[in-house]
Amino acid sequence: QIPSFKVMDVMRQAQAKEIALKEAGSSTKVLHLEVGQPSTGAPQKVKDAAAAAVSSDKLGYTGALGTPELRSKVALEYTKRYGVQVEPDEVLMTTGSSGAFIVAFTALFDAGSRVAMAIPGYPCYRNILQALGCEIVALPATAESNWQPTVAMLDEAAKGGRIDGLIVASPSNPTGTVILGPQMQELCDWCTRNGVFFVSDEIYHGLTLGNKPVTSLSYKRDSIVINSFSKYHCMTGWRVGWMVVKDKSLHPAMEALLQNFFISVPTLAQLAAVTALDCEEELDGHVARYRNNLRVLLEGLPAAGFDRLSRPDGAFYLYCEVSSLLSLTKAPDSLALCSIILRDCAVAITSGLDFDPVRGGRFARFSFAGSTADMEDACQRLQRWYSKLAKPPSKL
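Attention here is on the structure that accompanies the text. (Residues numbered from 1 in each chain as written. Predicted model: local features only at pLDDT ≥ 70, side-chain atom pairs only at ≥ 80, totals over all residues. Heavy atoms only, no water.)

With that settled, the discussion passes to the sheet that holds strand 8 (residues 241-245). Sheet architecture is open: 7 strands sit in the order 2-8-7-6-5-3-4, paired in mixed fashion. Each having just a single partner strand, strand 2 (91-94) and strand 4 (135-140) make up the two edges of the open sheet. Across the sheet, the mean angle from the axis of one strand to that of its neighbour is 20°, orientation sign disregarded. Pairing of strand 3 (residues 114-119) with strand 5 (residues 165-169) involves 3 bridges; the strand directions are parallel. Following the sheet pairing, Met117 is matched in strand 5 by Ile167. With respect to the sheet, helix 6 (residues 151-158) is in contact with strand 3, strand 4 and strand 5, its orientation differing from that of strand 4 by roughly 140°. Contacts from helix 7 (residues 181-194) reach strand 5 and strand 6 (197-201) within the one sheet, and its direction differs from that of strand 6 by about 150°. (Pairing = 2+ DSSP bridges. Helix = DSSP H or I, 4+ residues; strand = E, 2+ residues; numbered from the N terminus. Axes fitted to C-alpha atoms, helices over the stretch in contact; angles between N-to-C directions. Contact = heavy atoms within 4.5 Å.)

The nonpolar side chains of soluble globular proteins are, as a tendency, buried together. Grouped together as the largest cluster of nonpolar side chains are 44 residues, with contacts concentrated most on Leu301, Phe306, Ile341, Ile349, Phe366, Phe368 and Leu382. Within the residue set of this core, elements represented by two or more residues are helix 10 (280-300), strand 9 (317-321), helix 11 (323-329), helix 12 (334-345), strand 12 (363-367) and helix 13 (372-390). Counting residues per element, this core draws most heavily on helix 10, at 6 residues. Within the second largest apolar cluster, 30 residues are counted, among which are Leu92, Ala100, Cys134 and Val199. (Core = buried A, V, L, I, M, F, W, Y, C linked by side-chain atoms within 4.5 Å. Buried < 20%, exposed > 50% of the residue type's maximum accessible area, 1.4 Å probe, protein only.)

Here the focus is the environment of Leu108. You can see Leu108 is positioned in helix 4 (residues 96-108). Relative accessible area serves as the criterion here: at 9%, Leu108 is assigned to the buried category. Placed 118 residues apart in sequence, Leu108 and Ile226 show a C-alpha to C-alpha distance of 14 Å. For Leu108, the contacting residues outside a window of four places in its chain are Phe197, Val199, Ile224 and Leu250.

With that out of the way, let us pick up the pairing of strand 12. Counting buried positions along strand 12 yields 5 of 5 residues, so the element is predominantly enclosed. Residues Phe363, Arg365 and Ser367 point to one face of strand 12 and Ala364 and Phe366 to the other, with burial holding for every one of them. Bridge count for strand 11 (residues 350-351) against strand 12 is 2 bridges, and the pairing is antiparallel. Within the sheet, the bridge partner assigned to Thr350 lies in strand 12 and is Arg365.

A ring pair, where both rings are aromatic, is described by two values, the distance of the centres and the angle of the planes. Applying the stated criterion across every chain, the model contains 18 aromatic pairs. Residues Tyr122 and Tyr125 carry aromatic rings whose centres are separated by 5.2 Å and whose planes lie at 80° to one another, so their mutual orientation is edge-to-face. When its relative accessible area of 14% is taken as the criterion, Tyr122 is described as buried. Among the residues examined, Tyr125 registers a relative accessible area of 5% and is labelled buried. A centroid spacing of 6.0 Å and a plane angle of 90° characterise the contact between Phe261 and Phe262, whose relative ring orientation is edge-to-face. With a relative accessible area of 24%, Phe262 lands in the partly exposed category. (Phe/Tyr/Trp six-rings, centres within 6.5 Å; stacked < 30°, edge-to-face > 60°.)

Further remarks concern the side chain of Ser334. With respect to the helices, strands and loops of the structure, Ser334 is situated in helix 12. Of note is the side chain of Ser334, whose polar atom sits 2.7 Å from the side chain of Ser351. Among residues more than four places away in sequence, those in contact with Ser334 are Val322, Leu326, Ser351, Gly352, Leu353, Gly360, Gly361, Arg362 and Phe363. (Polar contact = N/O pair within 3.5 Å; in protein donor to acceptor, adjacent residues only side chain to side chain.)

One way to put it is that helix 1 (residues 6-23) packs onto helix 12 with a least axis distance of 11 Å and a crossing angle of 20°. By the angle between their axes, helix 1 is roughly parallel relative to helix 12. The interaxial crossing formed by helix 1 with helix 12 has right-handed handedness. On the side of helix 1, the interface is formed by Lys6, Gln13, Ala14 and Lys17, while helix 12 contributes Leu335, Ser339, Leu342 and Arg343. Considering only residue class, the contact of helix 1 with helix 12 consists of 3 nonpolar, 2 polar and 3 charged. (Parallel < 35°, antiparallel > 145°, perpendicular 65-115°, else oblique. Left-handed = near helix turned anticlockwise from the far one by under 90°. Nonpolar A, V, L, I, M, F, W, Y, C, P; charged D, E, K, R; others polar.)

Now for unusual backbone geometry. Cis geometry is adopted by the peptide bond preceding Pro120, which originates at Ile119 and carries an omega value of 10°. Relative to the assigned elements, Pro120 resides in the loop between strand 3 and helix 5 (123-131). Here Ser170 and Pro171 are connected by a cis peptide whose omega angle stands at -5°. Among the secondary structure elements, Pro171 is positioned in the loop between strand 5 and helix 7. The phi angle at Ile263 is positive, at roughly 65°, despite the residue not being glycine.

Let's shift gears to the packing of helix 2 (residues 44-56) against helix 9 (residues 267-276). The interhelical angle for the contact between helix 2 and helix 9, taken along N-to-C directions, is 145°, at an axis separation of 8 Å. You can see that helix 2 and helix 9 cross each other, and the crossing is right-handed. Along its contact with helix 2, which presents Lys45, Val46, Ala49, Ala50, Ala53 and Val54, the element helix 9 presents Leu268, Leu271, Ala272, Thr275 and Ala276. Residues that form the contact of helix 2 with helix 9 fall into these classes: 9 nonpolar, 1 polar and 1 charged.

Any link to function would need more than the numbers given here.
Shown next, in the form of structure tokens:
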């Protein structure tokens, strides 16, 4: 039994709330702070390239590894951004980062493999690995560890048996924290010493709010890097991602999996994605908005009872401890609390149970990928709700 991706459940509930409000004749707008999806669409150059391709290209299958032009363009980004040499044939295009995780995990691990990752973390890592029969080795991260794994955690986890793989995410979902160079070096060195596959989820690179994240390729040549056009490039629905795999011995298995699972990444999306890598000015404008949105939430949420917040350096997420609100609302966990907030405020946020099945009932995640006006409105609604909630009952 594979758990649901709870943020998608919340999204469905929020859509139902929108329908109910519309049917009731209400002008209230549901504010979507639950899903990690940019509120802006793809850059204009991408749309123009897609329109041109629709009228001029037959849009048949491409090779399973992607178009040569897109693979070359992605490879050049590593020299440009990180000073790391990547060859085009080391880039494997995938159907979003989700396709990359499925292929990478299937190629690297067998049923029974023990794969470590920081918790809280992206739930689909766990869910995909569970579907493959792997054992999840949870590394309980805290604010003190910047919500990231440490070598000490790995040493402790290894006492329970050999670790076959480590998955890291920097910036991370749900906390937005990053792994800096010295810590990345320590984690990579530990994996090298112990013969452990190192998988680095770098999907939020480009969304820099503070300390700039590093690529694991700068520290471990044979690490598997996964990225996508979804977040920084605002192309979630286009479903184009990639892996950088320098270990050529893995390529035959990965190519066979890509052929059998996906045939090829959607051709239209690949043709358009080539232009996305030339849109930094437009995309960095969105990052500036995310930075402003973060400021609005950090200033406004404490007055709504959300006063224990992560300090993200990247992505567009805030992770917060909500125990005091659970007490005030009598909600059994954050999943119930999120339902109450959606009902009372028409603000959709996500329970921490998606990211941490053990401790997540005391946490919630805000996505600030939307408009600044929505962030301001959300804070005002939540502050009004909290003021009523915290107000002692009048004495008769």
